[in-house]
Amino acid sequence: MTQHRIPLAGVIGNPIAHSRSPRLHKHWLKTYGILGDYVPLHVTDEDLPQVIATLPKMGFVGVNVTIPHKVAVLQYADQISDRATLIGAANTLIFRADGKVHADNTDGYGFLANLRQGAPDWDPSAGPAAVLGAGGAARAIIAALIEAGTKEILLSNRTRPKAETLKADFGSRVTVVDWVQAGNMIEASATVVNTTSLGMVGAAEFRVPLDGLRRGMVVTDLVYTPLRTRLLQAAEEAGCTTVDGLGMLLHQGVPGFERWFGQRPEVDEATRAAVLG
Ligand code: NAP
């Protein structure tokens with residue numbers, strides 16, 4: 001990139017107006033006094049290949065990728081990181097100076113960094129981790145838990161075959177549990193992660209039995225609207241350590257920002273406040 005260009009980044013998705021990523025990255029650009037910008041870009045499936053080919057020519061140094069393009073973008077990348085390959089999806093593209101498109105997935109990184117910041121005493125090997133849900137986000141969470149050293153992952157999903165597919169991909173550390181047994185699965189765990197959309201504003205209520213929650217457990221929810229979900233509320237009342245899902249969104253943005261703008265940003269209270277508006 002020449003010095004005459006202002007580095008641009010953005011987030012591509014459809015719909016995109018709801019994305020909080022512009023607030024996050026604009027906050028960091030301002031905090032570090034970087035001349036650059038970050039914009040939401042509404043991109044249809046049909047336009048995706050052309051958009052990826054064109055953005056670098058317009059001064060874009062990279063983009064975040066959200067629903068529905070996280071899987072499709074892989075076919076337009078020249079290089080795919082190991083973790084994006086393992087997860088089968090990318091949330092970050094880097095448009096390199098040599099013209100190559102590099103695809104990465106930072107969701108698992110964001111999940112672990114958030115957990116370590118919010119629950120510094122969290123021990124991934126303290127006991128089984130209960131993972132609720134087997135959608136796109138669950139893949140990144142399972143990969144991250146295995147990487148962190150969790151020996152046993154108990155996985156439950158309303159649609160059981162999707163959990164079985166994840167087990168086939170991740171192997172013997174994953175045990176599939178029937179959705180009707182999800183409450184018992186929580187009781188048997190040291191770490192509990194909700195990766196379903198249950199409890200999110202506009203989605204169905206989270207109704208899994210929670211009487212198995214106990215002091216000493218670490219409980220986190222990927223849902224961050226509302227910030228304090230029913231799961232986190234019940235966990236707090238039971239004396240568990242709780243970590244909300246907003247921090248994952250903030251931390252997953254760190255590697256992309258660093259690669260695009262050359263500055264590793266901090267995730268702190270000011271970052272949270274900026275994104276919450
Ligand atoms: P997804 O691929 O659509 O998966 C949705 C999951 O929720 C599936 O496991 C699905 O089960 C389950 N589910 C939906 N409705 C249900 C119901 N009524 N009863 C039981 N299970 C139900 O979505 P995703 O991309 O994995 O995202 C999941 C959630 O994580 C979303 O709320 C998303 O906003 C959040 N998220 C947060 C972050 C963050 O940075 N904090 C990052 C990524 C995702 P079935 O398979 O049975 O349909």
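Cut-offs used in this document
- Residues numbered from 1 in each chain as written.
- Predicted model: local features only at pLDDT ≥ 70, side-chain atom pairs only at ≥ 80, totals over all residues.
- Heavy atoms only, no water.
- Helix = DSSP H or I, 4+ residues; strand = E, 2+ residues; numbered from the N terminus.
- Buried < 20%, exposed > 50% of the residue type's maximum accessible area, 1.4 Å probe, protein only.
- Contact = heavy atoms within 4.5 Å.
- Areas by Shrake-Rupley, 256 points an atom, 1.4 Å probe, with all protein chains shown as cover.
- Lys, Arg positive; Asp, Glu negative; His and termini not counted.
- Charge placed at Lys NZ, Arg CZ, Asp CG, Glu CD.
- Core = buried A, V, L, I, M, F, W, Y, C linked by side-chain atoms within 4.5 Å.
- Near = heavy atom within 4 Å.
- Polar contact = N/O pair within 3.5 Å; in protein donor to acceptor, adjacent residues only side chain to side chain.
- 1 Å grid on protein atoms, 1.4 Å probe; cavity = no way out; pocket = protein on both sides within 12 Å on 5 of 7 lines; lining within 4 Å.
- Sits in = over half its atoms within 2 Å of the grid points.
- Nonpolar A, V, L, I, M, F, W, Y, C, P; charged D, E, K, R; others polar.
- Domains from an automatic or database assignment.
- Buried area = accessible area lost by both parts, 1.4 Å probe.
- Salt bridge = Lys/Arg side-chain N within 4 Å of Asp/Glu carboxyl O.
- Expected span 1.5 Å × (residues − 1).
- Pairing = 2+ DSSP bridges.
- Axes fitted to C-alpha atoms, helices over the stretch in contact; angles between N-to-C directions.

A. Fine view of the overall build of the protein. The helix and strand tally for the protein stands at eleven helices and twelve strands. Across its three principal axes, the protein shows a C-alpha extent of roughly 60 × 40 × 35 Å. Here the protein holds 277 residues, and the buried ones make up 52% of them. Relative to all contacts within the protein whose residues are 6 or more apart in sequence, the contacts with residues 24 or more apart total 65%. Of the accessible surface of the protein, which amounts to about 13000 Å², a share of 51% is contributed by carbon and sulfur atoms. Of the side-chain charges in the protein, 26 are positive and 27 negative, and the distance between the mean point of each set is 2 Å.

B. Representation of the nonpolar core in the model. Within the largest apolar cluster, 31 residues are counted, with the highest numbers of intra-cluster contacts made by Phe111, Trp122, Ile142 and Leu145. Elements that contribute at least two residues to this core include exactly α4 (107-118), β7 (129-132), α5 (136-148), β8 (153-156), α6 (160-170) and β9 (174-177). The residues contacting phenylalanine 111, other than those within four sequence positions of it, are Ile141, Ala144, Leu145, Val193, Thr220, Leu222 and Met248. One finds Ala130, Val192, Leu210 and Leu213 within the second-largest nonpolar core, a separate group that totals 20 residues.

C. Expanded view of the site of the ligand. As a matter of local geometry, the ligand sits amid 22 residues, with Ala137, Asn157, Arg158, Thr159 and Lys162 nearest to it. A distance of 2.7 Å is found between an oxygen atom of the ligand and a side-chain nitrogen or oxygen belonging to asparagine 157. Taking leucine 249, its main chain carries an N or O atom lying 3.2 Å from an oxygen atom of the ligand. For the ligand, the cavity whose grid points lie within 2 Å of the majority of its atoms is the largest pocket. Contributing elements (two or more residues each) for the shell around the ligand: α5 and α9 (246-252). Residue composition of the shell around the ligand, by class: eleven nonpolar, nine polar and two charged.

D. Summary view of the domain arrangement of the protein. Structurally, the protein comprises domain 1 (8-105 + 249-276) and domain 2 (108-244). Here the C-alpha centre of domain 2 lies 26 Å away from the C-alpha centre of domain 1. Between domain 1 and domain 2 the total buried area reaches about 1100 Å² when both faces are included, carbon and sulfur atoms providing 57% of it. If you sort the residues of domain 1 by the area they bury against domain 2, Leu86, Ile87 and His251 come out on top, with a joint share of 45%. There are one salt bridge connecting domain 1 and domain 2. For arginine 272, the salt bridge is made with aspartate 244, and the minimal N-O distance between the two is 2.7 Å. Where domain 1 meets domain 2, there are five residue pairs in polar contact (both at pLDDT 80 or more).

E. Representation of the environment of phenylalanine 261 within the structure. By the secondary structure assignment, phenylalanine 261 is in helix α10 (residues 254-261). A C-alpha to C-alpha distance of 7.4 Å links phenylalanine 261 and proline 7, two positions 254 residues apart in sequence. Phenylalanine 261 has contacts with Pro7, Ala9, Leu29, Ile34, Asp37 and Val61, leaving out every residue within four places of it along the chain.

F. How the structure looks around α4. In this model, α4 (twelve residues) spans 16 Å end to end at C-alpha, consistent with the 16 Å of a helix rising 1.5 Å per residue. Buried within α4 we find Asp107, Gly108, Gly110, Phe111, Leu112, Ala113, Asn114 and Leu115. On the buried face of α4, the contacting elements are α5, β10 (191-194), β11 (218-221), β12 (241-243) and α9.

G. Expanded view of the sheet that holds β9. Strand order in the open sheet formed by six strands is β9-β8-β7-β10-β11-β12, and the pairing between neighbours is parallel. Looking at strand neighbours, the two that pair on one side only are β9 and β12, the edges of this open sheet. Across the sheet, the mean angle separating the axes of adjacent strands is 20° when strand polarity is ignored. Two strands pair when backbone bridges link them, and β10 and β11 are joined in this way by four bridges, in the parallel orientation. Across the sheet, the residue bridging to valine 193 is threonine 220, located in β11. Set on the sheet, α4 makes contact with β10, β11 and β12; between it and β12 the angle comes to about 140°. Of the strands in this sheet, β10, β11 and β12 touch helix α8 (residues 230-237), which is tilted by about 165° from β11.

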